[in-house]
Each structure stands twice: as C-alpha cells, then as structure tokens.
Amino acid sequence: MKCPKCQRDNPKDAKFCNECGHTFQASDQAPPIDLNKPHSYTPKFLAEKILTTRSAMEGERKRVTVLFADVAGFTSMSEKLDPEEVHQIMDGCFKILMDEIHNHQGTINQFTGDGVMALFGAPIAIENHAQNACQAALSIQNTLKKYSEELKNKSGIDFKMRIGLNTGPVIVGSIGDDLRMDYTAIGDTTNLAARMESLAEPGTILVSDITYKRVSQFFKFEPLGKVTVKGKEEPLDAYKLVEQIKKYGAGYDRQIFSEMVGRDEDLSTLELQVIKAIKGEGSVVNIIGEAGIGKSRIISELRNREIMKRVTFLEGRAISIGRNLSFHPIANLLNNWARIKEEDNASTALDKLETAIRSICQLDSDEIFPFVATLMGMKLSGRHAERIKGIEGEALEKLIFKNIRHFIIKSSELRPLVIVSEDLHWADNSTIELLEFLFRLTETQRVLFINVFRPNHPETGDRIIETIKAKLSVYYVEINLQSLSDQMSETLINNMLNIRGLQHAMVNQIIQRAGGNPFFIEEVVRSFIDEGAVVRIDGKFEVTKKIESMVIPYTINDVLMARIDRLDEETKDLVKIASVIGRNFFHRILTEVAMTAHDIDRKLSHLKDIQLIRERKRMEELEYLFKHALAQEAAYESILGQKRKDLHLKVAASIEKIFKERLHEFYGVLSYHYLNGDNLDKAEEYMLKAGKEAMKSSASSEALHYYQRAIELYIKKHGDNVDKKRIAEMEENIAYAFSNKGLFVEAVDYFDRSSINQGEKVQKNILLILTKIIINLMTIVRNLYIPAIGKKKIPTESDNQNMNRAIKVATALSSVDIQRCFIGNIEVLKRSFQYDISKSQVFFNLQCGGSGIFSVSGISFRIARKILEYARKSIDKTEGIYLHFYKLAEHAYNFHTGNWCGDIDEDIINNGLKSGDFYFITGQLLYLCYMEIELGNFENCEIILNKLNSIYDEYNYEHAKSDF
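Nothing here was measured: the structure is a model prediction, and the numbers come from that model. (Residues numbered from 1 in each chain as written. Predicted model: local features only at pLDDT ≥ 70, side-chain atom pairs only at ≥ 80, totals over all residues. Heavy atoms only, no water.)

Caption draft 1: The overall build of the chain, seen in detail. When you go through the chain residue by residue, the secondary structure sums to 39 helices and 18 strands. Looking at the chain residue by residue over its 964 residues, the buried ones come to 54%. (Helix = DSSP H or I, 4+ residues; strand = E, 2+ residues; numbered from the N terminus. Buried < 20%, exposed > 50% of the residue type's maximum accessible area, 1.4 Å probe, protein only.)

Shown next, in the form of structure tokens:
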C-alpha cells in the first residue's frame, strides 16, 4: 500500500511505513478507486467538483437528508484486538459504507474514525433524498449482517453499527483552503441526525419525525414515541426504520404541452361573463386557487378564445414585493396598455401615456392625464403639474379614483372591457381600495373584472370577496379551482408525453404525489426529460432505461431545485440572480448584475427551452419571467444569506444606473433591495423617498409603511444618539399619512410626538390654559371690531405649510378631543389676523372655519357673523381663491341661526370638486338639504341628495353617500 505521507509503496498488510514510520489508519487502506469513474465518495473527484463549482465554494441552502453511522462498542473492540485486526475490520466496513452510500446517490463528506457522515441531496440535489438515504441505511445494515457473521465466526466479534437519519435545510459548501478542501453541511439538521444515531440501538436505524413523514408510505417503521434529545428543550418523536414495504421506481426533447384538463366548465363560466359584458352586463369574477393549480393557465386560454377579439383586454399583475409598491398592478396594466417600454425615458413614457388617454378621452384628456400619471408615479411639468399643485392626501386620492373611473367608462363605451388582475394576494392596499371602488361600474358599464389570487390572504383576496358579496353579490361569480381528479391527472400526463412504455405504477406515483396539482405534474414530467429518462426521437417521446431508476419527488420545491441543480454552473447562477430581481426581470438589469457570465442570451434561450422561464412581449418589448412564482421562490431560497445580500446590493446599484432618469418610480423597489442587502443607510434613504412618492400619489397606506420602517431603521442605527428633529420630521410624516387615512387617534398621537421632539412643551396648568384662551378670544374680537391699520403680511410658503399643519392637527382633534380642538383653533385663528388672507387659500379657509367654530358650537353667533363679514371683505380682492369653504361656513351660520335661505352655486360646487375639497362641498350641500327640509321643500331636498349620491359614485367619498 502507498503511504499517504511519503508516497512510498509498502506491503499490503503493513502497520507502519518502512520509510517514514507513519502509522497506517483504516482509511489509508480504502479500496482501489477508478478516478475516471465519478464516485461521489472519491476525494479527488469531489475536490475537482468543488473547485469547478462556484456555488459550492460559496455555499448554498439545500434540503437534504443527513446520515450518521458509527460502530457500536468500537472502543471496547479496539482494546481487545490487535490494531492490525481493527484496521482490517474497519477497512471492510468502510468499503461497505462507501459502496452502499454511492449506489444510492449519497456523498460521504466526513469519516469519523469509526463511522461516516453522508449527505443525500448535496452537492447535487435529488428529489428523493429521504428515500435514498433510508434505502442506503437498510442496505448497509443488511450487508453488515453478513459481514458480522463472518467476523463472529473468525474472531468472535459481534460487529454492529448504529445509524441515524434526519431531513431538513442545511448550509452546504466547501471549507478549507487551496491545499485541503472538504464539502460539508452545517446546521441543526446535521446535529439532529447525529443525535438520532447516538440514540439508536446497535444494529438499528433511527429516523426523525420529518424523515418519517416523507417516506412513511414506502417503509415500515416502529414508533418509539417521544425521546429526549440533547440540546432540545422538548422531547421529539423518533422512529425505528424496519424494512422497505414497496418499491418506488418511477415511473422527459424539452418542450411539453397539453390541452387544458379539467377546467372546461370554469372556462365556459368565464366566456359566459365575457358574452354578458359584450351585451352590456358587467360582472366581477374571482379565480381562487392554490399555487400551481392552474389560475394563470385558464386566463391564458381565455385570452386566446375567438370571442376575446370583440373586447379590450387589459392585464396587470402584482409582484411578491408589491405589498408596499403603490398601485403597482394598476400601473403595470396601464404601462401595458400605453405600450410603455422598459427602455423609455420619462419624457417618452409621459408622451405615450398622454397619447393613449387622448385616443380614448379626447375631450377630457387634459383633466384625466395628470391624475393617471400621478398614480403611475410619473413626474409632471407645465400645465399638468399646475393642475395637481396643492392637492394632496384624501383629495388627491378621490380625484385619482374619479379620473380612473372616468377613463374606464369612456373605454367601455368604445368596446367592452375585460380587466384582469393577477396575483392580487400580493397587491398593495391602495390597489385593493381602488379596485373595490371600480367594481361598482359593473352595475352600469360593459366591464368584466377578473381577479386572480391565492386563498387565505385576509388583507387582499379575502377582503375583496367580503366586499363584493356585501355590496355587489348580484354581479359576482366565484371560481374556486380544485385539484385535478386522478383521472384528470392521468389525462394530463398522457397528453404531455403520449408515449408507450411509461409504467402504470409510475403514472400512479406521479398522480398520488402531485395531489392533483397541474404544475407539480408538469415539473415532474420535465424532470424526466432533463434526466434523459424520456427523450424525443423523430418528434415523439420515448422511454429510456433510465426510467427504471427515476423516483417521484415529494414537494414542488424538491423537483424545482433538482431541475435547477442540473444546469451548468453559470446558468444556475443566472437563475439565482434573476430570482433576486423578482419573478419578472429586466434583461438589462440581469446583464448588468451578471457581468461575468458569458453568452447570457443563449442561456436564457436554454432556460426558455426547458420551460423554467418564459418570455413575453409587452407590446413590442421583450421581457422574461419565471414560468411560475414557485420556481423563483425555490431559486431564491437556495441562495446563502451573504450571497443573497450581495446580489440585492448589485441589483439595487444596477437599477440606480439604468433607470436614473426615472428613479422615483423605483424608490420602493430600491428600499427593498437595500434593506435585504443590509445597507441600512440607503434603505432608510429610499424608504423616505418612497414614502414621499406614495403620499404624492395618495397611497397613504404604503406611505405609512415606508415612514414607519424608516423611523425603525433610524432608531436601530443610532440608538440613544438620535437627532430628535429628524425623528420629529418622520413622525410628522406618519401623522399626515394616518390623517389621510382617517385614522385620527393615531394621527394625533404622532403629531404630539413630533411636537415634543421639536421641543414644544405641553401646557397642563388649567389656569394658564384658561388665561390663554381668554387672551386669544379678546385678540380675535379686537381684530374683528377694530381692524389693525397698516399693511398685513403676505403668507410665505413656510407660513402656509405651518398653517396647513395646524389645520390638519385641528381636523384630527375634532374627532378625538373637542376641547383641544377648540383651544388649538382659537390659537391659530388669532394668528391668522396678522396676514392678508386674500393671498392664501389656507388662511382664507382657516378664517372661514373660525366662523364655524362659533356658530356650530353656539358659543357666539355674533362673532361667527363678524368673522364671515371680515372674510367677505377680502373676497373682492382675491385671485384664484376658492369660496367653497366660505359657503360652508355661511350655510352653517344660516342654519343654526334659523335663517333658512341659500341656493346651490354650481360654479362653487364644481370648483370645489375639481380641487378635491369634498368635505366643504358635501358640508354645504348637507346644510342646504337640512334647510330645505325645515322649509318643507322636499323636491329641492331630493335634488340635493341626488347630487350628494353622484359625488359618492364618482369620487368614492363615503360622507356624501345618502340613505335618506
């Protein structure tokens, strides 16, 4: 034998090297191995594999089954026998272990002196790693029985091994340096496998609960109940593996296709709703089903139906990181419709959107375009920017809703509309709210809404179901996609392969394992093709001998990872990079991040050929996406944490570089990538920017998320050394977001926090508070009756902002603490007399509101009248000041003083609606309605109520809804 230290040849049974004196170990006499044969246990082969596998060098997350085996009573045996005999016994034992582990696709990655540690499912993934490990363990024990009998007859040695198995996630990779490398697995999964082995009786195999669950139908087990495991707080279930009870053989060129199976009735239901839309009847259809059940396929089939040529088909999709990307599915839909491409700059994108809107709404395009563009996060300029200037919060939201609604109505008047929203379980709250508003169009318009989502998502899909059932049940159709029956599953398999020689037992295994999930079945069939068990010859599929060794995976994740692992390393890395970008990925970003990869287009073509990804044309633009969300999730989860962070940072940097002209559209995505890349400074920066953008587009829920996460990050980074003023700014933004959502208790809380962090003191002395109220009231009365002589200040932008904040606080307090509201209003009303209110809508509204404080509360009708007179004097010299708040205050004063007079001023009403001041418009209409009731003019009252209901319908302003 060759000495591993000096490489000198020695006699086969030598105990020591004749040259250097090295003491030979059992592993030094491992059986001869053909290095040209890819044995998984060959150190040279494994080292070469690791050196040529970049992902292995870096490490990966994998699901594997770990096997530990060691000799029972090895120390006692070593004491009784001569070292040479021990060496010979272990030499035979290691040969058995290596042969059986290799025969079942396992990898020995560690010799432990008297045993081994082996992995099944790494470094190359196999779908059936748990079954293979159990078969290997049984084969080892069966072979060792014969070996033990020989030893007992020869030396009287009762040779037995203990074996332990556990299945789960591990981090696998190489450790060491250029001179020595080992492939190993790290994690709790490995530790528990070792514990199982130590608890096993000599000659037995002990498996964990998770391994048992994955293979229980193929092997016979003896339950051992709960066992105490070192390092675990609670006892764990353990099972003794006894024998195999059934064989699970298995029963795929690349492209496969099948006609849709088992969904004819569902597709007919959809077609019927399209026909109804064509005839003028709208409806809402929810397609609900688990991942892989065929939701997207049924939409694809519908899209290709002849009847779809008679409608306009609009499609948008939510993405897995989209819960906080404002209006993402709607923006996606509008981008597709307007033919806006990835490479379009901001100006081109705006031009395309405006042209598309003008083609539908020629007369109203100047009104609709600014609000649709704002929803999409586009930057406006000129007259369009002027149109939305100063409109924010709820007012902006309602105007966006109204104009999207108007656009859809106009579109449906030209052709019936079919609007598909896919993956809505990932949608943001603003999208859900907008869709709920738009669903009401089904009562009067030729619009069919098709919503596609997974079940059991309370904030999205479940909420949509509840809303429609409560308000639009007559127009609602629900399609719950069920698992395919066994017969349907068999039909699907036969359709995809249509070959002879596929054993019936194999088909049954696919059916049983897939549980009626079409995507699972498709992926299993594709894995057969990838493995060469099924090949295409002369255009037809044929079975090869490899089919006999194929097994069916337990989960979709297993089969997907096995397919990904069969790719060459560069293509495999490309898939992982794409998974970090998202289910949809831009070619330019992928190329930028994978700069060292060669021939990317060829690799993408290959991935398309094996149907792991697909390409689609978004109008003239080509984009790629994972064929199924589960494929993207599986690839993403396999990436090690640090590598994943690095990729997120690279993706973020690429987005910043490629989309620098339209970067505001990607603030939310950038915050996501930088957060997952652990760059907290950049994550905070983009969260604040994303929050600001969300507020601009009225997406208060998403703004709230970004601002709250930003403040959490800031405090996490700085601890006790935070800048209180910076905290105050973020708290104020959170308060505004809460206020816009109508959550006034939370808004007041954050306004108070912001004030405290800015150094403002809360006055608690009752006497001082009363004194201040009296002084403020006296100042107000003095300014009303004895106006100051001299020129008043013209409000600056800063003055307007400060006063606007005061109004926001007062509005929130009016629903939370009326006493504080009154005190605060008196304070800001007093301050307003220093300014020329004719130069500022904010200050003008504030003074009109001051009249309402005194008239509605009944404190002083005289002061209320004087304030109105004061405001009326400035009306003549106002330029561009809306009078709807003045009218509200005037009607309130007239009603409460019994002076029941007033008419609808259509110009004021329309201007108020145009500027989004729904609170003031609704308020004055309600006061007019109350006065008409008091006068007995019920016909006029009905006209006003119809006007209010019209505001509710057009703008989704709940306070305008009348149930009179």
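Caption draft 2: How the structure looks around unusual backbone geometry. Look at Phe327: it is not a glycine, yet its phi comes out positive at around 55°. The residue Phe327 is located in the loop between strand E10 (312-317) and helix H10 (328-338) in this model. Phi at Asp678 takes a positive value of approximately 65°, unusual for a residue other than glycine. Within the secondary structure layout, Asp678 lies in the loop between helix H26 (667-676) and helix H27 (680-696).

Caption draft 3: Broad picture of helix H15 (residues 429-438). With eight of ten residues buried, H15 is to be regarded as a mostly interior element. Looking at H15, one finds that the buried residues are Ser430, Thr431, Ile432, Leu434, Leu435, Glu436, Phe437 and Leu438. Where H15 begins, one side-chain oxygen reaches toward the backbone nitrogen of Ser430, 3.3 Å away; that side chain belongs to Asp428. (Polar contact = N/O pair within 3.5 Å; in protein donor to acceptor, adjacent residues only side chain to side chain.)

Caption draft 4: Up close: the confidence of the model for the chain. For the chain, per-residue confidence averages 82 on the pLDDT scale, and 88% of positions sit at 70 or higher. The low-confidence segment residues 177-181, where pLDDT is below 50, has six contacts with residues more than four positions distant or belonging to other chains. Every residue in residues 246-254 is under pLDDT 50, and counting partners more than four places away or in other chains gives 53 contacts. (pLDDT = per-residue confidence, 0-100. Contact = heavy atoms within 4.5 Å.)

Caption draft 5: Looking closely at the pattern of salt bridges. In the structure shown here, the tally under the stated rule is 43 salt bridges. A salt bridge links Arg317 to Glu422, with the shortest nitrogen-to-oxygen separation between them at 3.3 Å. Taken together, the residues span a long stretch of sequence, with Arg317 in strand E10 and Glu422 in strand E11 (residues 417-422) at a distance of 105 residues. In terms of burial, Arg317 and Glu422 fall into one category: buried. For Lys717, the salt bridge goes to Asp681, with nearest N and O atoms at 2.6 Å. (Salt bridge = Lys/Arg side-chain N within 4 Å of Asp/Glu carboxyl O.)

Caption draft 6: Inspection of the packing of aromatic side chains at higher detail. All told, the structure shown has 24 aromatic pairs when counted by the stated rule. Measuring from ring centre to ring centre gives 4.4 Å for Phe659 and Phe666, while their planes differ by 20°; the resulting arrangement is stacked. Both rings, one in Phe918 and one in Tyr955, keep their centres 4.8 Å apart while their planes meet at 50°; by these two values the pair is tilted. Of this pair, Phe918 sits in helix H38 (residues 918-935) while Tyr955 sits in helix H39 (residues 938-955), placing them 37 residues apart in sequence. Residues Phe918 and Tyr955 agree in their burial class; the two are buried. (Phe/Tyr/Trp six-rings, centres within 6.5 Å; stacked < 30°, edge-to-face > 60°.)

Caption draft 7: Fine view of the nonpolar core. Within the largest apolar cluster, 154 residues are counted, with the highest numbers of intra-cluster contacts made by Leu334 and Leu353. The dominant element in this core, judged by the number of residues it contributes, is helix H14 (residues 393-414), at nine residues. Ignoring anything within four residues of it in the chain, the contact list for Leu334 reads Val372, Leu375, Met376, Ile404 and Phe407. Ile101, Phe120, Ile140 and Leu241 belong to the second largest nonpolar core, which has 41 residues in total. (Core = buried A, V, L, I, M, F, W, Y, C linked by side-chain atoms within 4.5 Å.)

Caption draft 8: Main features of the environment of Ile773. Position of Ile773 among the secondary structure elements: in helix H31 (residues 766-785). On the basis of relative accessible area, Ile773 is assigned to the buried category, the value being 15%.

Caption draft 9: Expanded view of the packing of H27 against helix H29 (residues 724-740). One can describe the packing of H27 onto H29 by two numbers: an axis separation of 11 Å at closest approach and a directional angle of 35°. Crossing hand, H27 versus H29: left-handed. Mapping the contact onto sequence places Glu684, Leu688 and Met695 in H27 and Arg726, Met730, Asn733, Tyr736, Ala737 and Asn740 in H29. Across the contact of H27 with H29, the residue classes tally to five nonpolar, two polar and two charged. (Axes fitted to C-alpha atoms, helices over the stretch in contact; angles between N-to-C directions. Left-handed = near helix turned anticlockwise from the far one by under 90°. Nonpolar A, V, L, I, M, F, W, Y, C, P; charged D, E, K, R; others polar.)

Caption draft 10: Highlighting the packing of H31 against helix H33 (residues 818-832). For the pair H31 and H33, the least separation of the axes is 9 Å and the interaxial angle reads 40°. With respect to each other, H31 and H33 are oriented oblique. Read as a crossing pair, H31 and H33 show a hand that is left-handed. Together, Ile769, Lys772, Ile773, Asn776, Leu777, Thr779 and Ile780 of H31 and Phe822, Ile823, Ile826, Glu827, Leu829 and Lys830 of H33 make up the contact between the two elements. (Parallel < 35°, antiparallel > 145°, perpendicular 65-115°, else oblique.)

Caption draft 11: Quick peek at the sheet that holds strand E9 (residues 283-288). Across the sheet, five strands lie side by side as E10-E11-E12-E9-E13; this open sheet has parallel pairing. Every interior strand has two partners, whereas the edge strands, E10 and strand E13 (476-480), have only one. Between one strand axis and the next, the sheet turns through 15° on average, direction left out of account. Across six bridges, E10 lies against E11 in parallel orientation. Following the sheet pairing, Leu314 is matched in E11 by Ile419. Contacting E9, E11, strand E12 (447-453) and E13, helix H8 (residues 264-278) runs over the sheet at an angle of about 160° to E13. (Pairing = 2+ DSSP bridges.)

Caption draft 12: Representation of the side chain of Glu436. Within the secondary structure, Glu436 sits in helix H15. Here the side chain of Glu436 touches Arg463 through a polar contact of 3.0 Å, side chain to side chain. Sequence-distant contacts of Glu436, defined by excluding residues within four places in its chain, comprise Arg463, Ile464 and Thr467.

Caption draft 13: Focus on a nonpolar patch on the surface. A contiguous nonpolar patch, built from Val781, Tyr785 and Ile786 and spanning about 280 Å² of accessible area, is present on the exposed surface. With respect to the secondary-structure elements, Tyr785 resides in helix H31. (Patch = residues over 30% accessible without salt bridge, like charges linked within 9 Å, V, L, I, M, F, W, Y side chains within 5 Å. Areas by Shrake-Rupley, 256 points an atom, 1.4 Å probe, with all protein chains shown as cover.)

Caption draft 14: A look at the side chain of Asn956. Looking at the element boundaries, Asn956 is found in the segment after H39. The class of Asn956 is buried, set by a relative accessible area of 10%. Polar contacts involving the side chain of Asn956 include one to the side chain of Arg440, which spans 3.1 Å. Residues within four places of Asn956 in sequence aside, it is in contact with Lys398, Phe401, Phe437, Arg440 and Ile951.

Caption draft 15: Expanded view of the pairing of E12. Most of E12 is tucked away: seven of the seven residues are buried. Bridge count for E9 against E12 is six bridges, and the pairing is parallel. Along E12, the bridge assignment pairs Val285 with Ile450. Examined bridge by bridge, E11 and E12 share five bridges and lie parallel to one another.

Caption draft 16: Molecular detail of the environment of Ile933. Counting through the fold element by element, Ile933 comes out in helix H38. In sequence terms Ile933 and Trp900 are 33 residues apart; their C-alpha atoms lie 9.8 Å from each other.

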